[in-house]
Amino acid sequence: MSTQKSFPTRLSSNQKPAFAYAEVVFNLPLKDAFTYEIPLHFSGMVKKGMRVLVPFGRRRLTGYVVSLSKHNKKNIPLKAIEEVPDSEPVISKELLSLTRWVADYYHSSWGEAIKAALPAGLDDTSLDKLYLTGQGLKALTENTQPSQATFILQALNSKRNLTSKQLERSLKKTYSPSTLAKLKRDGLVGVKNEIKRSSLKYEYEKVFQLAENLPKKQEIEKLLERSPKQRAIYQFICKGQTTSSDLNNQISGSSQIIKSLLNKKLIETYTRKKERGLISPHVQPEWTNENPHQLNKEQDKCYRELKQSIENAIFQPYLLHGVTGSGKTEIYLRCIKLVLDLNKSALMIVPEISLTPQTVERFRQRFGDRVAVLHSGLTQKERFYEWGKIRDEKVSIAVGARSAIFAPFKNLGIIVIDEEHDTSYKQESCPRYHARDSAIIRAQKQNAVVLLGSATPSLESIKNAERGKYHYLSLENRVHNRLLPIVKVINMKAEMDSKKNFSIFSTLLKKSIFDRIKRGEQIFLFLNRRGTANHVFCKECSFVFECPHCSVTLTFHSKKNFLLCHYCNFFTRKPECCADCGGAVIRFSGFGTQKLEDETKKLFPQARIARLDRDTVKGRESFEAVHRKMNLGEIDILIGTQMITKGHDFPNVTLVGVLYADLSLHIPDFRSAERSFQLLTQVAGRAGRGKVPGLVIIQSLLSGHYVFDFVKEHDFTGFSEKELALREKLKYPPFTRMVSIEIESEHEQAGEKFANSLHKTLVRITNKISGIEVLGPARASLYQINNRFRRHLILRSYDYRKLHSALRRLYETPEIKKFSNSKVKLILDVDPVSLM
């Protein structure tokens, strides 16, 4: 029995608190805020930025309070707030303002933007649970329903309360949404709403106390006379309320005894919620208090310019363009130290792929326990702990990936965005914000400095520097006058034709690997594709094994002997014969990191070889183990995908081999040349960071492509000038602005119909707003992913304000409201980084 009191849900007119109404937004694709009444018992407790639990339709949802008012402007009866989980706001006024900008600019709801700014798992969630009614049980017993309905009834009878997703997973192919809907309409299946409590901020414990209506003393004695253990627990509870953990500490195996006392109605129980204490999930490494390195002339010049803006608290975005190994990180650390001396906070944002143990360790060596770390490798509880340290002002620096841009610091002095060109800074789900652009807005509101660093800046940032929006800083040389690596491009067509070498390795790369192993130096081999073979086909009829759910070929993984789809994770056993003609000869074409590892082990049996990709890295520990072994010299050759391209500084790596370097050039995207140049330059930068000069060998079937000419000469300026000239002619960003509109549908015809209707609507809107092009609709390059069909429309304009005006009008049209449902989904991406 619960001892919680019930409260009135309505107030009389003379009982209204100072703020009687709250505007609440939700993590739903609904742009409007909803007004709720603040009950008298919550008077003065509800503040902007707090979470509240409120009724929403037949559900109860967690919402976020964005404003308070004294009057009910809607003049309709309002529902009341049911719970207030927080004693203080979970999101500050400054972050409310930032999330409002994110919602407006990227066309999400405000609630979705707020949700993105908070640690995952913080909110209580509302779940609709399905159960078998009395009628349903009768229908199941009498076997009166068709087979699909019977499957559903049997599942609910055996597993009881299930969500619709759990039911679908349980029944797999026999699940039918339409049959479930009919069973609900006929009253055979019921739905009840339950709240799944978050275990992050609060913990829930069972409390036991004496029953309210106890039997007489003689009857109690009789009930306990044959059970000394029950008597002992009963006497313990007589002293006052106690928890299950306290009881277990006092008397072992008390859970069964408690059940007996509850059945005898001598005690009662209720669940109590209490705030969880912040306990560190890890012991912090010892602080070595690393001394700052001496700056060279180039570094010192850049630092002095930054120092002036930081000390004067002037908002200014800086673009620090420095070659790989030029000492950009030391400038970041100096600037952050200066900010801390001014009693301000600092944000260090890095791509997820670069957030290596090395990066975090370097910050902790310099700043000790003043650093919090935020990234997806942490558990929800660890992330909440780190977020809590920032909110409670126990740390002054946050190092993290994209979402760390929302770290709850109160007085920011600098935001550093390392590898600012990286595409992982763009969120792939709603809200589709860009961390770099959001950082600039946040810094502007706080008069802070933004420092964007990269060896290969994005062309958007280069253009912003040319226009004067960013202040350009340059580091043209490596520290200690170390040389940039020598880059050699090998034409693999010529290698096959003249040298009859059909191996994965060119002759030069093989020889260079042998030489490095003899000298005790380390090697990186980079191939941006996983697996053993990416193309499995029949020799007789040329049938290709494709994913049944996606429009991609299956990749063969030899270690597990199966074909795998890298988009939806569908897998099937290695075929013994052709699925189409029954032919016995199956060919495996192409190669990935797994095949490269096998071939490397055959050629260099004496070498210690490791592989770093998503197939081998299953968690933070395996990632750290590879780093540790590389630092200790226990790995001779490290093979990997993009994971090895950034955030690594191993002085003994003197050779980098890039295999199938033209892979990224084949991607049908206007940025493919830019991405290829960035990727090759970054991976080349891993070589020769110590005293021994580095060598980079790039193998390609398109060695005549202009990208390789610029990579070979480390000529970023030449590449950016050529690429910008092409972009200007073709009216691509950064000269124009774009919005990608993706239509996703379960059925091809429904998606096509919606896309055509949307196109007509957009043409009608853009006829009233000059200067906007509508491109499409067309099938996306990856047309089918996970049984959903994808079509694209693109809006393009020289004026981003016109694009936003068109999008606002689009949301007001009846076509959007008519077609937007679970079967047809509309995805808006402002300033997209990929058009796949």
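In the block above lies the structure referred to throughout.
Residues numbered from 1 in each chain as written. Predicted model: local features only at pLDDT ≥ 70, side-chain atom pairs only at ≥ 80, totals over all residues. Heavy atoms only, no water.

> I keep staring at the overall build of the protein and nothing clicks. Help me out?
Tallying secondary structure elements over the protein gives 26 helices and 31 strands in all. Here the protein has a C-alpha radius of gyration of 31 Å; the compact-globule value for 836 residues is 28 Å, and the two agree. Counting only C-alpha atoms and orienting by the principal axes, one finds that the protein spans roughly 100 × 75 × 70 Å. Of the contacts formed within the protein by residues at least 6 apart in sequence, a portion of 76% connects residues at least 24 apart. (Helix = DSSP H or I, 4+ residues; strand = E, 2+ residues; numbered from the N terminus. Rg over C-alpha atoms; globule rule 2.2 N^0.38 Å. Contact = heavy atoms within 4.5 Å.)

> What is the right way to read empty space enclosed by the protein from this model?
Rolled over the atoms, a probe as big as a water molecule pinpoints where empty space is left. As enumerated under the stated definition, the model contains 4 cavities of 30 Å³ or more in all. Taken together, Phe-526, Leu-527, Asn-528, Val-658, Leu-659, Tyr-660, Ala-661, Leu-663, Ser-664, Leu-679 and Leu-680 make up the full set of residues lining the largest cavity. A breakdown of the residues in the lining of the largest cavity according to their chemical character gives 9 nonpolar, 2 polar and no charged. (1 Å grid on protein atoms, 1.4 Å probe; cavity = no way out; pocket = protein on both sides within 12 Å on 5 of 7 lines; lining within 4 Å. Points joined across faces, edges and corners; volume = space filled by probe spheres on them. Nonpolar A, V, L, I, M, F, W, Y, C, P; charged D, E, K, R; others polar.)

> Before we go on, may I ask you to explain the packing of helix α24 (residues 748-766) against helix α25 (residues 800-811) in this structure?
Helices that pack against each other are described as a pair by the angle of their axes relative to one another and the distance between those axes. As a packed pair, α24 and α25 sit with axes 10 Å apart at the nearest point and diverge in direction by 125 degrees. Judged by the inter-axis angle, α24 sits oblique to α25. Pair α24 / α25 crosses with right-handed handedness. On α25, the residues that touch Leu-758, Thr-761, Leu-762 and Ile-765 of α24 are Ala-806, Arg-809 and Leu-810. The residue inventory of the contact of α24 with α25, partitioned by class, reads 5 nonpolar, 1 polar and 1 charged. (Axes fitted to C-alpha atoms, helices over the stretch in contact; angles between N-to-C directions. Parallel < 35°, antiparallel > 145°, perpendicular 65-115°, else oblique. Left-handed = near helix turned anticlockwise from the far one by under 90°.)

> I keep staring at the sheet that holds strand β18 (residues 522-526) and nothing clicks. Help me out?
Hydrogen bonds between backbone groups are what pair the strands of a sheet, and the pairing can be parallel or antiparallel. The 6 strands are arranged β17-β27-β26-β18-β25-β24 in an open sheet whose pairing can be described as parallel. Here the strands that pair on one side only, and so sit at the sheet edges, are β17 (486-491) and β24 (609-612). Across the sheet, the mean angle separating the axes of adjacent strands is 20 degrees when strand polarity is ignored. Note that β24 and strand β25 (residues 637-640) share 4 bridges and pair parallel. (Pairing = 2+ DSSP bridges.)

> Just to check I follow, could you spell out the packing of helix α4 (residues 147-159) against helix α5 (residues 164-171) for this structure?
Where α4 meets α5, the axes come as close as 11 Å, and the angle between the chain directions of the two elements is 110 degrees. Overall, the two elements α4 and α5 adopt an arrangement that is roughly perpendicular. Note on element contacts: α5 touches α4 through Leu-167, Ser-170 and Leu-171, opposite Phe-151, Ile-152, Ala-155, Leu-156 and Lys-159. Split by residue class, the contact of α4 with α5 holds 6 nonpolar, 1 polar and 1 charged.

> What is the right way to read α4 from this model?
Each α-helix winds once per 3.6 residues, and so residues spaced three or four apart point in a common direction. Taking 1.5 Å of rise per residue, 13 residues should cover 18 Å, and α4 covers 18 Å from first to last C-alpha, within 8% of that figure. The set of residues buried in α4 consists of Ala-149, Thr-150, Ile-152, Leu-153, Ala-155 and Leu-156. Once α4 finishes, Arg-160 follows within two positions and takes phi at roughly 60 degrees, a positive value. (Expected span 1.5 Å × (residues − 1). Buried < 20%, exposed > 50% of the residue type's maximum accessible area, 1.4 Å probe, protein only.)

> Where do I start with the sheet that holds strand β31 (residues 824-830) in this structure?
A sheet is described by the order of its strands in space; here 4 strands give the open sequence β29-β30-β28-β31, paired in antiparallel fashion. The outermost strands of the open sheet, each flanked by one partner alone, are β29 (772-785) and β31. Each strand axis lies, on average, 20 degrees off the axis of its neighbour in the sheet, ignoring direction. In this structure, strand β28 (residues 737-745) lies alongside β31, joined through 7 bridges in antiparallel fashion. In the sheet register, Val-739 faces β31, and the bridge partner there is Val-830.

> Sorry if this is basic, but what is going on with unusual backbone geometry here?
Trans peptide bonds make up the majority, and among non-glycine residues the majority have a negative phi. In this structure, Pro-734 follows Pro-733 across a cis peptide bond, with omega equal to 15 degrees. A cis amide bond, omega 10 degrees, links Gly-776 with the succeeding residue Pro-777. Positionally, Pro-777 belongs in strand β29. The phi dihedral of Ser-542 falls on the positive side, at around 65 degrees, and the residue is not glycine. Examined against the element boundaries, Ser-542 turns out to sit in the loop between β19 (535-538) and β20 (555-557). Positive phi, normally seen in glycine, also occurs at Lys-731, with a value near 60 degrees. With respect to the helices, strands and loops of the structure, Lys-731 is situated in the loop between α23 (716-730) and β28.

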